[in-house]
Amino acid sequence: MNMASTGILLFIFTVLYISAGNAKKDFINVQCKTENVGQYGQQSLLECVIQTGKDVTDAQILVVTWKKQGDEGPLLVFNRGVTKHQPGFSFAEPSWNNRNMNVSLLITSTAVVHKGVYTCVVMTDSGDGSKSTSLEVTAKYNVPTIQSTPKSITPNTDCTLTCESNGGYPKGQLRWFDQDNKDWTKSSKMETKLTESGLFHLSSKLSLLRGSVFSKYTCVVFNASGGKEDEATFEVLKEPETREGVPKGSASKIVAPLVVIGSLITGLLIALLFYRRRSKQTRRHSTAPLMGDHQGVCTNESDAEEGGHQEMDTKCRDSLA
Ligand SMILES: *[C@@H]1O[C@H](CO)[C@@H](O)[C@H](O)[C@H]1NC(C)=O
Ligand SMILES: *[C@@H]1O[C@H](CO)[C@@H](O)[C@H](O)[C@H]1NC(C)=O
């Protein structure tokens, strides 16, 4: 064989090898759910599976890398038998091994910072592949609270209602309605604060002028996609007179039984004190005349062996000594 034919053979082999490799690559396909939604504080799953062509049986995974766009290092790496990961990230499959084609990533406790685009790169003995997938994070807003300034209001006072709701994501909205479901949001002013955890704190102030105050206001918190999440209601006291009358009436309802119970207890205490004093007195009465005859008392008491009279017994001994 001359040099030329050897060269040609080499060339042919190289071409065959490369095309075989390329063909092999086509047998591997990483399929991911394109959109994943995670709940704040809960587990999130970024679902990806490796799909192999019909001709590939028993493919072995050599490398899996999960990386978040914008991050320096990877979150999870499996490289020839060894898995390394950052805390809070793992394979979703509990006992994952290099023959398990489900390479989904599990985030243990979802935070707002986990929002973003993730890429999964896979290398197998039958070819390589990669795919990106995104994670959205949502957090439900807390039940709103309404406070009024001043504390108690009537239709005849100027006042401000402040509605607050915390701990939601993405940015939501607070809206105001009166008892007829008329929207008063335009008359309100909403402020949004980003808390340390990355969640939003919403607060909205609705100013009410005297004479134009309705009997009931509802503050509704809506999530980012306009879905109603929760609400709170504030009732305006109808008339100042009845307002002052009601607590008095209800107070006397509470006071009356208290007085009865109180006098009962006092009576019992007095009776008890009276009884105790009387029994003491009777004791003293019985002691007094006996004090003159010391010996008589002591012998009498010790003979009787009455536990209840031990105190007297000692006193007696003291006076004897
Ligand atoms: C991948 O594994 C996770 C965790 O076990 C599971 O929830 C998910 O359904 C699996 N996906 C597929 C396509 O099998
Ligand atoms: C908003 O609320 C609706 C209704 O409760 C819900 O279906 C939707 O998923 C929520 N959207 C977000 C972004 O939280």
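Just so we're clear, the structure is a prediction, and the values are computed from it rather than from any experiment.

Draft legend 1. How the structure looks around the site of ligand 2. In the vicinity of ligand 2, the contacting residues are Thr 138, Asn 223, Ser 225 and Gly 227. Measuring from a nitrogen atom of ligand 2, one finds a side-chain N or O atom of Ser 225 at 2.8 Å. In terms of residue class, the shell around ligand 2 is made up of no nonpolar, 4 polar and no charged.

Draft legend 2. Molecular detail of the state of the cysteines. All told, the structure shown has 2 disulfides when counted by the stated rule. The disulfide bridge from Cys 32 ends at Cys 48, spanning 1.9 Å between sulfur atoms. Taking the sign of the S-S torsion, 110° for the link of Cys 32 and Cys 48, the bridge is right-handed. Of this pair, Cys 32 sits in strand β1 (residues 28-32) while Cys 48 is found in strand β4 (residues 48-52), placing the two residues 16 residues apart along the sequence. According to the relative accessible area criterion, Cys 32 is buried, its value standing at 12%. When its relative accessible area of 0% is taken as the criterion, Cys 48 is described as buried. Two residues share a disulfide in this structure: Cys 163 and Cys 219, whose sulfurs sit 1.9 Å from each other. Around the S-S axis, the bridge from Cys 163 to Cys 219 shows a dihedral of about -80° and counts as left-handed. Note that Cys 163 is positioned in strand β13 (residues 159-168) and Cys 219 in strand β17 (residues 216-222), a separation of 56 residues in sequence.

Draft legend 3. Quick peek at a nonpolar patch on the surface. A cluster of nonpolar side chains, Ile 265, Leu 269 and Leu 272, forms an exposed patch at the surface whose accessible area comes to about 290 Å². Looking at the element boundaries, Ile 265 is found in helix α2 (residues 240-290). A relative accessible area of 46% places Ile 265 in the partly exposed class.

Draft legend 4. View of the nonpolar core. Core analysis: the biggest nonpolar cluster contains 26 residues, and Ile 61, Val 64, Trp 66, Val 103, Leu 105, Tyr 118 and Val 122 have the highest contact counts within it. Elements supplying a minimum of two residues to this core: β1, β4, β5 (61-68), β6 (76-79), β8 (89-91), β9 (105-107), β10 (116-124) and β11 (127-138). Excluding residues that lie within four positions of it along the chain, Tyr 118 makes contacts with Leu 46, Trp 66, Lys 67, Lys 68, Leu 75, Leu 105, Ile 107, Lys 131, Ser 132, Thr 133 and Leu 135.

Draft legend 5. Inspection of the environment of Glu 229 at higher detail. Mapped onto the elements, Glu 229 comes out in strand β18 (residues 228-235). Sequence separation between Glu 229 and Lys 140 is 89 residues; the distance between their C-alpha atoms is 7.3 Å. The residues contacting Glu 229, other than those within four sequence positions of it, are Ala 139, Lys 140, Tyr 141, Val 221, Phe 222 and Asn 223.

Each value, and the rule that gives it
- Residues numbered from 1 in each chain as written.
- Chains lettered and ligands numbered in written order.
- Predicted model: local features only at pLDDT ≥ 70, side-chain atom pairs only at ≥ 80, totals over all residues.
- Heavy atoms only, no water.
- Near = heavy atom within 4 Å.
- Polar contact = N/O pair within 3.5 Å; in protein donor to acceptor, adjacent residues only side chain to side chain.
- Nonpolar A, V, L, I, M, F, W, Y, C, P; charged D, E, K, R; others polar.
- Disulfide = S-S within 2.5 Å.
- Helix = DSSP H or I, 4+ residues; strand = E, 2+ residues; numbered from the N terminus.
- Buried < 20%, exposed > 50% of the residue type's maximum accessible area, 1.4 Å probe, protein only.
- Patch = residues over 30% accessible without salt bridge, like charges linked within 9 Å, V, L, I, M, F, W, Y side chains within 5 Å.
- Areas by Shrake-Rupley, 256 points an atom, 1.4 Å probe, with all protein chains shown as cover.
- Salt bridge = Lys/Arg side-chain N within 4 Å of Asp/Glu carboxyl O.
- Core = buried A, V, L, I, M, F, W, Y, C linked by side-chain atoms within 4.5 Å.
- Contact = heavy atoms within 4.5 Å.

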